[in-house]
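# Observations on the model geometry
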Amino acid sequence: MEHILETKQLSVSFGEHHVIQKVNFNVPKGKFISIIGPNGAGKTTLFNLLSGQIPPTEGEIHFKNNNITKLSIAERTRLGMGRSFQQTNIFPELTVLENVRMAVQSTAKDLYSLFPMPAKLRAQQEEAKKLLETVFLQDKSEFLAANLAHGEKRKLEIAMLLALKPELLLLDEPTAGISVEEVPAILKVIENIKSDDKNTIVLIEHKMEMVLHLSDYLVVLFNGELLAEGEPEKIMDDERVQSAYLGGFFHADSK
Ligand SMILES: Nc1ncnc2c1ncn2[C@@H]1O[C@H](COP(=O)(O)OP(=O)(O)OP(=O)(O)O)[C@@H](O)[C@H]1O
């Protein structure tokens, strides 16, 4: 199976604190992988390493057969890696459509072309509108981003991420901080993105029902180590995983 992303013995320590320890993590192209693990297991730190926010202490990261370990965040983005954060990053004083159009324009190679043709601008506007449809925000396109509900801001952020045309999407807890009522809408957006076979998605998420519904494959991090990986059913039955969560997590009612 072709892997779009591979880590080799990836490790990071903060002083004496070994937060990620010799993680060998492979992401098959076109699949949906979720990273689960208790609070503090190192999930977000792993994303920070993958997207270039922090350098590893040891090990390598390969993306589309390039060793990207030393590349900047921007270089990784250009290669096709897109990452969302737990907090929202949007321009509150612009409309929803303007936010996405700016993201679309930021990827256009001829941004500073001498001939910013109206046709080109119209195409960018259309692309932005399509992205708003993908995240089910088309009815809010003229709203100021500041006035969106929290869950809608997360959707907008996902649309802006998609504007970068990432081949690999790293989604860090897209439901973090949003109300229970808004969760199904976010799930629908992710399902919609997943339905495009070109996308490879890695999700960090605590909501197990969502994880099990979406994932082809689960990776369990515990104390910075890769404790287990495999198909969801196999992981759910893994005794080491169950004891890592000290009981409570994998009860039938969380399925
Ligand atoms: N820059 C840093 N300096 C020191 N310690 C850090 C740093 N970044 C993360 N840590 C520590 O690394 C550990 C793992 O944190 P991380 O946020 O990656 O866990 P997580 O699995 O994403 O947790 P959660 O599910 O609660 O979001 C925590 O103990 C955290 O305090």
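Residues numbered from 1 in each chain as written. Predicted model: local features only at pLDDT ≥ 70, side-chain atom pairs only at ≥ 80, totals over all residues.

### Observations regarding the overall build of the protein chain
Within the protein chain, the regular secondary structure consists of nine helices and 11 strands. Taking 2.2 N^0.38 as the reference for a compact globule, 255 residues should give roughly 18 Å; the C-alpha atoms of the protein chain span a radius of gyration of 19 Å, in line with that estimate. Seen along its three principal axes, the alpha-carbon backbone of the protein chain occupies a region of about 60 × 40 × 35 Å. Taking all 255 residues of the protein chain together, 36% fall into the buried category. Residue pairs in contact within the protein chain that sit at least 24 positions apart in sequence constitute 66% of those at least 6 positions apart. (Helix = DSSP H or I, 4+ residues; strand = E, 2+ residues; numbered from the N terminus. Rg over C-alpha atoms; globule rule 2.2 N^0.38 Å. Buried ≥ 20, exposed ≤ 12 C-beta atoms within 10 Å, placed from the backbone. Contact = placed C-beta atoms within 7 Å.)

### Points about the sheet that holds strand S7 (residues 81-83)
The strands making up a sheet associate through hydrogen bonds between their backbones, and the pairing can be parallel or antiparallel. Overall, mixed pairing links the six strands, which are arranged S7-S8-S9-S4-S10-S11 in an open sheet. Single-partner strands in this sheet number two, and they are S7 and strand S11 (225-230). Sheet twist, expressed as the mean angle between neighbouring strand axes with direction ignored, is 15°. When S7 meets strand S8 (residues 168-172), the two strands line up parallel, connected through three bridges. Bridge assignment links Gly82 to a residue of S8, and that residue is Leu169. (Pairing = 2+ DSSP bridges. Axes fitted to C-alpha atoms, helices over the stretch in contact; angles between N-to-C directions.)

### So, unusual backbone geometry
The phi angle at Gln9 is positive, at roughly 50°, despite the residue not being glycine. Residue Gln9 is classed as exposed on the basis of its 12 C-beta neighbours within 10 Å. The backbone of Phe136 shows a phi angle near 60°, a positive value even though the residue is not glycine. With respect to the secondary-structure elements, Phe136 resides in the loop between helix H4 (118-134) and helix H5 (150-163).

### Thoughts on the confidence of the model for the protein chain
A residue-level look at the protein chain finds 92% of positions with pLDDT of 70 or above and a mean pLDDT of 90. Here helix H9 (residues 239-244) stands out as the least confident element of the protein chain, with mean pLDDT 82; strand S5 (residues 58-63) is the most confident, with 98. Note on residues 250-255: pLDDT is under 50 here. Beyond four places in sequence and across chains, it has eight contacts. Here the complex is predicted with pTM 0.89, and the ipTM for its interfaces comes to 0.96. (pLDDT = per-residue confidence, 0-100.)

### Some words on the nonpolar core
For soluble globular proteins, the rule of thumb is that nonpolar side chains tend to be buried together. Counting residues in each nonpolar core, the largest one holds 62 residues, and the members touching the most others are Val100, Leu132 and Ala159. The biggest single contributor to this core is H5, with seven residues. Structurally, this core is a two-domain feature, drawing no fewer than three residues from each of domain 1 (1-80 + 167-255) and domain 2 (90-165). Setting aside chain neighbours within four positions, we find Ala159 in contact with Val100, Leu131, Leu132, Thr134, Val135 and Leu137. (Core = buried A, V, L, I, M, F, W, Y, C linked by C-beta atoms within 7 Å. Domains from an automatic or database assignment.)

### Some remarks on the environment of Val104
Structurally, the position occupied by Val104 is in helix H3 (residues 96-107). A sequence separation of 86 residues divides Val104 from His18, and the C-alpha atoms of the two residues are 39 Å apart. Non-local contacts of Val104, meaning those with residues more than four positions away in its chain, are made with Gln124, Glu127, Ala128 and Ala163.

### Let's talk about the site of the ligand
Taken together, Phe14, His17, Val19, Gly37, Asn39, Gly40, Ala41, Gly42, Lys43, Thr44 and Thr45 make up the full set of residues near the ligand. For the shell around the ligand, the secondary structure elements donating two or more residues are strand S2 (17-23) and helix H1 (43-51). If one sorts the elements of the shell around the ligand by residue count, H1 sits on top with three residues. Its residues assigned to classes, the shell around the ligand comprises three nonpolar, seven polar and one charged. (Near = placed C-beta within 6 Å. Nonpolar A, V, L, I, M, F, W, Y, C, P; charged D, E, K, R; others polar.)

### Concerning the domain arrangement of the protein chain
Domains assigned within the protein chain are domain 1 (1-80 + 167-255) and domain 2 (90-165). Each of domain 1 and domain 2 was reduced to a C-alpha centroid, and the two centroids are 27 Å apart. Contacts between domain 1 and domain 2 engage 13 residues on the former and 11 residues on the latter. When the residues that make up the side of domain 1 that touches domain 2 are grouped by side-chain class, the tally is seven nonpolar, four polar and two charged.

### Considering the environment of Thr69
Within the secondary structure layout, Thr69 lies in the loop between strand S6 (66-67) and helix H2 (73-79). For the pair Thr69 and Glu133, spaced 64 residues apart in the sequence, the C-alpha separation amounts to 35 Å. Here Thr69 is in contact with Pro56, Glu60 and Ile61, once residues within four sequence places are set aside.

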